[in-house]
Each structure stands twice: as C-alpha cells, then as structure tokens.
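One-letter residues, chain by chain:
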Amino acid sequence: MSFWLGYRFHTRSGKSLTDGIEMKLFYNVEDKPPVGASILLALQHMLAAMGAIIAVPLVVGSAIGLPTDQMVTLVNAALMVSGIVTIIQCKGIGPVGIRLPVVMGTSFTFVAISISIGLDAGVSGIFGASLVGSIVMIVGSRFMTQIRKLFPPVVSGTVVVLIGLTILPVSVDWFAGGFVGQEEYGQINNLLLGLLVLVVVIVLSQVGKGIISAAAIVIGMAVGYITAIFMGIVDFSPVRNAEFFALPKLLPFGLSFTVSGIIGMSIAYLVTIMESTGDFLALSDATHTKLTGKKLSRGILCDGLGSALASLFGTTPFSSFSQNVGIVSITGVASRHVVAVTGFIMLIAGLFPKLGGIVVTIPSPVLGGAGLVMFAMIISSGIGILSRISFTKRNMLIIAVGVASGMAVTVRPEILTYLPDSFRVILGSGITTGSLVALGMNAFLSINRADEAESAQEKREALETQIIECEACDKALKEEEALEQKERLESAK
C-alpha cells in the first residue's frame, strides 16, 4: 500500500517496549488534500454509504404503503440531511461534531420500530416519535465522559470486531447479487463481477502509489460499474425517472405523537448510542487519534441533533456508518476534510435527485466486492486493538462470550422471538448485545494479578523476538540497497 505497516518498538532503555503494529496514514485527520484528490476520495465514501442511506426510507416507506411521490420525498430528505450532518460531524460547530471523518446517514436500527409506528399512527407518528426520542440521545451525550471509561481495550476491541462481523453478511449478500432466495442470488456473473472489484481494490491498495492507492475503492467500483454496463445489467430507469431538482420541505408529513411510539423510539436511540460509540472507537483507532469523553460527547450530540433535524425534514433517524470506517482503514485517508466534501456531495445529491439516481444504478455485486474489503478491515482494526491487551483467562472470556453473544442474535435472531418487544428492540442488534455482555463481564470479573503478570511477560518475550527479527530484516535491507548502489556506480563507469 502507499502506507506501510510500521513497527514502533522501544528497547528496555526506552519508555515502553511497544505500542503495537500501526498502519501509517496517507492523509492524517487534519490534512487537506488538493481539491481534485479530495473530490475523488470523497466519492468513494459517498458510493459506500449512498445505498444504505436510500435503502432505509425506501424499506420503511414501502412497508407502510406510501405512494411513490412521498417515498421520493423521504429519499431526498435523507440525502440532504445526511450531507448536512456529515459536514457538521466532520467540521464541528462549537460543542457539536466529533471532528473526525464520520459519514452520517439513516440507520437500520430504526427500521422495525418505524414500520411499527407507521402502521399504527401513520407516517406523521414516525417523525413525532423520532423528534421526541432524539432528546434521549441529546441528553445522553452529556454523560459520554463517564461512559467512555467503561470501554477499556478489551471491551472496545470486542465491540469493533463485532461491528465488522455483524455487517459482513451484508457485503456477502451484495457480492452474491441480492438476497437469499432471489433467483439471481449467487449466479456466476454476480460472483465474477464482485470478484473483479475485490481484486482491483486489493491490487491497487497493495501496489498502487499515492492517490491511486488512496482511491482504490472508488477506482475498483468504477471498473466494476463499467464492466456491468457492458454486461447489460445496469438499469438506468432510476436516473430517467428522477426529477432534476427537488427542494426538501420542512415538516412535509406533519408530526403526531403516541406514547408507545415515543417509548419504542427512545429505546432505539439508546441502542444507537451504543452502536455509534463502537463506530467512534473504531474510527479513533483507524485514524490514530485519542477518543476522549469530550469528543465522544460532541459526536453523540451531533447524532442526536441530526436525527431531530431529520424528523423535521421528513426522514428517519441517523447514526454513523460503519462501512466508512473500513474505507479509512484500507485507504489510509483519515482526513476529516475529505469526508466533509462527501457530505457536500450528498447534500447536492439530495437537491438534484438524478445524481442520487446514478448511485442507485450501481449493481449489488459491485458494492459487494468493495464492501467485503471494507467490512473485513473493521474486523482487522478490532483485532489490532485487542493485540494491545494481555491475553489472560479473564480477557479471553470477555472477548469470547462478548463476540459469541453478539453473533448469536445476528445469525439466529429467532432466539429473541418470545422476549418482550422492548427487549427485542435492544437485543436485536448484535453490536448492542455483545457490547452489553462485554461491559458486564468486564465490570464483574475480578482481575487476577498473577495471571496478568504472566501474560505480560509472555508478550514481552514475544515482542523482543520480533524486535530481533526486525533488526535482522533491516540489516539485510540495508546490505541489499548498498549492493544495488555499488552495482549502479560500476555500471555508470
């Protein structure tokens, strides 16, 4: 890759033996790439997020029987508000915004409860409950300094691994061309197209230089998209049918309020606080920045205010997007200013629906080829966090049971069938379930100091062996470079 895996080792005379293995960034959080590069790099964030941003309002609208024109209103509002909230999250306005490269968009966490409210109280009931429920997130942001202390590396690493594992099946379905049971699912053409994108992304990330490596995902998707056009599987009807310009309206569906709807939506917001915290932890690791309680509070506050804004403009609540954390991890582009450009592009797409229509035409396998790498990189990021801890019996139990619990409700959601509705909403998210289990075990399992000391000593010995191997590699590399230089001088004579 254009950024290489660097070891940061210190000898016994240094302050510490190691901080682990860290990926060097191509652009740091505060870097401002040239305008052309920023737009190209921003596009890959938009392409990764656009499908999900559009999908949530479409799923909710279809389920409650909204006519086509009202569903278009939902989608346009989702794109526009996603852009605004992404810009604020990245740039920050006073106490609002985490000031990290975060893409914000409509959240699948709210799909089930939104459909339930919509069928009972109509679409206005969804936005009334969303607006009142967002207060939970706004108030909750005041306590993130205390909540941050509950996430030591053993918990945060487990949460980040779960984020990657729970969304990985989405990319697999994209790769296969749809959903299990559909006729085209798993067809050879879909698999080959997804594989093409996957290979291009990997090759460009590994051997590309400069902007080519940093833009590997968007280039890979462009190659896949062009190939799909020649294959005749791109449907351009969404572009033809979309309006050229559409300005979202304030309160297009009105507001109505039901007690049950507000309670259900408030519970969903509590779940989102947990999921967004996990995303921010993963992002802080990917960007090599420290996530303080104050930063976390600003991020959650922006999430809550963004969801309130979404309710006013007629679309479903928001949260951070995990897939875009994967883009930061694989490309090494951590610039918050690049993702702010992504927000601007989404804002424009919300005002000019034909632009959003182009993104909708991207075939699922193209998204899947890129998504497979992005989501898997989140898992790698979590493993990187866990590599910093001592693998004692206590820590291994927290990781094992936390991941197992999260994956249990992800792959077998039927296990929650007979639980009360409120519990199903909370535990239906594998990230939330695994996080709660890891948090609980970390709080109640006592630390065995002897076990900690033994594990730390084993880790020290292993790292010292790595240092010796690194020094040998470095010596061999220098000898090789000296020999090449000598041969060049001799050939010049």
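Above this note sits the structure.
This one's a predicted model, so the numbers in the text were calculated from it and none came from an experiment. (Residues numbered from 1 in each chain as written. Predicted model: local features only at pLDDT ≥ 70, side-chain atom pairs only at ≥ 80, totals over all residues. Heavy atoms only, no water.)

Asker: Would you explain helix α12 (residues 293-313) in this entry?
Answerer: Residues that lie three or four places apart on an α-helix share one face, since the helix turns once every 3.6 residues. Here α12 contains 21 residues, and its C-alpha end-to-end distance of 30 Å stays within 8% of the 30 Å for a straight helix at 1.5 Å per residue. Just beyond α12, the residue with positive phi is Gly314, at close to 85°. (Helix = DSSP H or I, 4+ residues; strand = E, 2+ residues; numbered from the N terminus. Expected span 1.5 Å × (residues − 1).)

Asker: Would you mind showing me how to read the state of the cysteines here?
Answerer: By definition, a disulfide links two cysteine residues through a covalent bond between their sulfur atoms. Under the counting rule described, the total for this entry stands at zero disulfides. Cys90 takes part in no disulfide bond, and the closest cysteine sulfur, belonging to Cys302, lies 8.8 Å away. The exposure class assigned to Cys302 is buried, which follows from its relative accessible area of 2%. (Disulfide = S-S within 2.5 Å. Buried < 20%, exposed > 50% of the residue type's maximum accessible area, 1.4 Å probe, protein only.)

Asker: Would you take a moment to explain the pattern of salt bridges for this structure?
Answerer: Evaluation of the coordinates by the stated rule reveals three salt bridges. Glu30 is paired through a salt bridge with Arg336; the nearest N and O atoms lie 3.0 Å apart. With Glu30 in the loop between β2 (18-23) and α1 (35-63) and Arg336 in helix α14 (residues 336-351), this pair connects stretches of sequence that are 306 residues apart. A relative accessible area of 49% means that Glu30 is categorised as partly exposed. A salt bridge links Asp474 to Lys478, with the nearest nitrogen and oxygen atoms 3.5 Å apart. Of this pair, Asp474 and Lys478 both sit in helix α20 (residues 449-492), four residues apart, which is roughly one turn of the helix. (Salt bridge = Lys/Arg side-chain N within 4 Å of Asp/Glu carboxyl O.)

Asker: I tried to follow the environment of Leu312 on my own but got confused; where do I start?
Answerer: Along the chain, Leu312 falls in helix α12. It is 45 Å that separates the C-alpha atoms of Leu312 and Asn395, two residues lying 83 residues apart in sequence. With sequence-adjacent residues up to four places away left out, Leu312 is seen in contact with Leu131, Lys249, Leu250, Leu251 and Pro252. (Contact = heavy atoms within 4.5 Å.)

Asker: What should I look at first to understand the packing of helix α11 (residues 259-286) against α12 in this one?
Answerer: Working note: a packed helix pair is described by the angle between its axes plus the distance between those axes. With their axes 10 Å apart at the nearest point, α11 and α12 run at an angle of 135° to one another. It follows that α11 is oblique to α12 by the angle criterion. As for how α11 packs across α12, the hand of that crossing is right-handed. Residues Tyr269, Thr272, Ile273, Ser276, Thr277 and Phe280 of α11 touch α12, and the partners they reach there are Leu296, Gly299, Ile300, Asp303 and Ser307. For the contact of α11 with α12, the class distribution of residues is five nonpolar, five polar and one charged. (Axes fitted to C-alpha atoms, helices over the stretch in contact; angles between N-to-C directions. Parallel < 35°, antiparallel > 145°, perpendicular 65-115°, else oblique. Left-handed = near helix turned anticlockwise from the far one by under 90°. Nonpolar A, V, L, I, M, F, W, Y, C, P; charged D, E, K, R; others polar.)

Asker: For this particular structure, what's the right way to read the nonpolar core?
Answerer: Grouped burial of nonpolar side chains is what soluble globular proteins tend to show. With 123 residues, the main nonpolar core has Ile217, Met221, Met265 and Ile362 as its most contacted residues. For this core, the element with the most residues is α1, which contributes twelve residues. Those residues in contact with Met265 that sit more than four places away from it in its chain are Phe110, Ile113, Ser114, Ile117, Ile126, Ala129, Ser130 and Pro317. (Core = buried A, V, L, I, M, F, W, Y, C linked by side-chain atoms within 4.5 Å.)

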